[in-house]
Amino acid sequence: MASVLQLVIARVNPQTPGSVAEGLPPAAIAQAIWLSAEVLSTLGHQVGDAVIVRTLEPGRSEASSPRSVPARVLAAPAGTLPPGLALMASSPRSAELLAHDTASSGTPTSKGLAITLEPASADLRSPTAAKTAPAPTAPRPAGSAAAPLRVIDDAVCTACGCICDDIRLSVAPGEANIQQAEHACEIGRAWFTETLVETDSTRSSAAAAWIEGRPAGVDAALDRAVEILLRARNPLVYGLSETSCEAQRVAVELADLLRANLDTTTSTFHGPTVMALQAVGESTCTLGEIRDRADLVMLWGVNPLETDPRHYTRYSLMPAGRFVPRGRADRYCVVVDVRPTPTAGLADHALLIKPASDFEALATLRALAAGIEPDAEAVVVATGIELAEWREVFARMRSARYGVILYGTGVTQTRGKHLNCEALLALVSEMNRHTRFACKAMRGPGNVTGGDNVLTWRTGYPFGVNFARGFPRYSPGEYTAADLLARREVDAALIISSDPAPFFGPAALAHLAAIPTVVIDARATAARQQATVGLATAYSGLQSGGTVYRMDEIPLTLRPALPAARPSEVEWLENLVARIQARLGVGDGNSSDPIAVRGGA
C-alpha cells in the first residue's frame, strides 16, 4: 500500500520570504503539492513529477467517497514541512479534495486530510518554468508620470482582516488606477494597485450585466434575476464577504422576502468559532489592547506573516505599547502549528503538533491550568509533544502579565472543529484565574466580521439562517451553504461578492453549476462567469464606500479613491428588493432606481 500522508490546504503568499511558494506564479501555485525532501526520497518522486492526489476517507455515500486531483510535485524548502506532511494552496483544484461532511458546522475539513500519491501522466505544465517571469505591469496613459498626484490619506484596506486604516493612496488625475499605496503590506499594495488592471475579458465592455454569458441590458438582467429567485422553492443567498455592511443589510432583507436560506463565508472558515462562542463565551480584546498590553502572544493554527502581514508589525509582536515599551523585546511569542510556517520562524518557542491533535493539545494545557497532571506517555502519543514542553509553555502562560491567543483556520478546519474552538475559549477563560488572558480569532479579508454583526442584528443569528417559515431559524450543518449544496437541497442561488470555487467541495460545486444562479460581484470570478445572470459591481473600498468591521469588531468607514463606473452591491440589491416587492405586492414597491441613473448596456 502507498505511504499515507497528511495534507494541509492553506493560503500561501508567494511574496512572503520563506514561504514555500516564494516567487512562484499563481498558475504554478494552484497545481503544486509540496513535499519535504524526506518524503520525496521515501516515495521516490522527483521535483516536477505529475501525480494523482487521492484521499483515503471511507465512502459513506457518493458525495463522501475518496476524491482525487492531479498535481505537480515541488520540494518544500528545508525546514518548512515535517516528514509525513504535504501542503497544497487553497484553489479550485485543491477544493476538489474536500468532503461534503462538515461535522454539522458548515465548515469543510481542509487540514489533516489523509492522502496517497500515485504517478500520473506528465501533462501538467511545469510550475518552475515561469518562476522567474516578470509580473505584468499596469499600463499608464502617456504623460501621466508628470501629472500631479491626488493624495488620499487614511484610506482603508480590506485585503486582509487587519483592515488597516492608515494607507496613503496616490492617484493621478484622469487615471482609472491607483499608482501608490504607502504603508500597505505586499497584499494591500497588490489590492490597491493591481485589482483594477487584472485580466478581465469583460472590462473592455460597457456592459454591467450578463445573461448566460452574453451582455444584456440592466432591466432584462434584473427581470431574469427576479424570475429565477421567485420561481425557486428553496433558494440560497450566500457570500457577502467582500462587501459593505450596508449591502449585507439589504441582502438580509432580500433573503427574508424570498424565504430563502442565508449564509455567509463565516460558515466556510470560522463557523466553528462562532458556535463555540455561543456555547462557551469569549474573553476577548481589541487589537489595540494587544499592542499596548500583551507580553505573551500565542499564535495557534494561524500564519499571519503570509495572510495578514501587518498584524505582527502593527499589533501583535513588533510595535511598542503602553505597557510593553520595547515592543518585540518585551514580548514572548509561542507558535502552535503542524508545520514550521514563516510565522513560526519569528517565535521564541514553536510547537509542531501532530495534524488534527489541536483538541488534545488544548486539553493538556487545560489540565495543567486546573492543576491536573496528565499522563506523560498519553500526551506525547496524542500531540507529538513531550509533557515537559507543555509544562514549559504553561509556565510562560501563567507568568505573563497579559497573554493572548490568536487562532485561525488551523483550529477550525481540522478534526474537532467547534469542539477545538470550545476547548480554546475555555482554556482562555480558565487562564484568567491565574493572570489576564484574552483570545481573538484571525478573520479573513473583506468584511466577514461585519457579516456576523449585521446578520445577528437583523435575525438574531450570525450565519446559517433559514427564512422558509417566515421567521429566522438557525442550524449550522443544516442551513449552511456547503451542506445545502452538497445535499442538493437548493434550486437557485444568489452569490454576493464571494467566490466559493476554492473552498467548497466537489459535490457542492457540482450542484451549484447545475442550478440557476445570480452572481453580484466586482471580480470576474468563476461563479460570475458561469452564472445564469451576472451583475458587475464597483469594487467596495476602491470605488464605493460603506462600513466594514475589523477582525476585532471595530467598525471603519471606507473612503473610495476612484469613481465608480458600475453600480455598487447596495444599488443592485436595493433594485432587486424593490422589483421583488412589486411582484409580491408587499412594501411600497418603489425604488429610486440608482442603477438606471448609472446606466449600462
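Since this is a predicted model, take the numbers as computed values, not measurements.

Peer 1: Quick rundown of the nonpolar core? Include the residues and the values.
Peer 2: Core analysis: the biggest nonpolar cluster contains 52 residues, and Trp34, Met298, Trp300, Trp390, Met397, Ile405 and Tyr407 have the highest contact counts within it. In terms of residue count, the dominant contributor to this core is helix α16 (residues 418–431) (seven residues). Filtering out sequence-adjacent residues up to four positions away, Trp390 remains in contact with Trp300, Leu351, Ile353, Ala361, Thr364, Leu365, Leu368, Val379, Thr383 and Ile385.

Peer 1: Requested: an account of the pattern of salt bridges, with residues and values cited.
Peer 2: Close approach of charged atoms lets side chains of opposite charge pair. The final tally for this structure, using the stated rule, is 22 salt bridges. A salt bridge links Arg168 to Asp153, with the nearest nitrogen and oxygen atoms 2.6 Å apart. Of the two residues, Arg168 sits in strand β8 (residues 167–171) while Asp153 sits in strand β7 (residues 150–155), which places them 15 residues apart along the sequence. In this structure Arg168 comes out as partly exposed when scored by relative accessible area, which is 30%. Linking Asp166 and Arg310 is a salt bridge whose minimum nitrogen-to-oxygen distance equals 2.8 Å. Of this pair, Asp166 sits in the loop between β7 and β8 while Arg310 sits in the loop between α10 (304–307) and α11 (311–316), and the two are 144 residues apart along the sequence. In this structure, Asp166 and Arg310 share a single accessibility class: buried.

Peer 1: Give a description of the pairing of strand β24 (residues 546–549) that names residues and reports values.
Peer 2: Pairing analysis gives four bridges linking β24 to strand β25 (residues 555–558), with the strands arranged antiparallel. In the sheet register, Thr547 faces β25, and the bridge partner there is Thr557. Between β24 and the antiparallel strand that follows it, β25, lie five residues; Glu553 among them carries a positive phi value of about 75°.

Conventions we followed
Residues numbered from 1 in each chain as written. Predicted model: local features only at pLDDT ≥ 70, side-chain atom pairs only at ≥ 80, totals over all residues. Heavy atoms only, no water. Core = buried A, V, L, I, M, F, W, Y, C linked by side-chain atoms within 4.5 Å. Buried < 20%, exposed > 50% of the residue type's maximum accessible area, 1.4 Å probe, protein only. Helix = DSSP H or I, 4+ residues; strand = E, 2+ residues; numbered from the N terminus. Contact = heavy atoms within 4.5 Å. Salt bridge = Lys/Arg side-chain N within 4 Å of Asp/Glu carboxyl O. Pairing = 2+ DSSP bridges.

Note that all results are geometric; they support no functional claim without further evidence.
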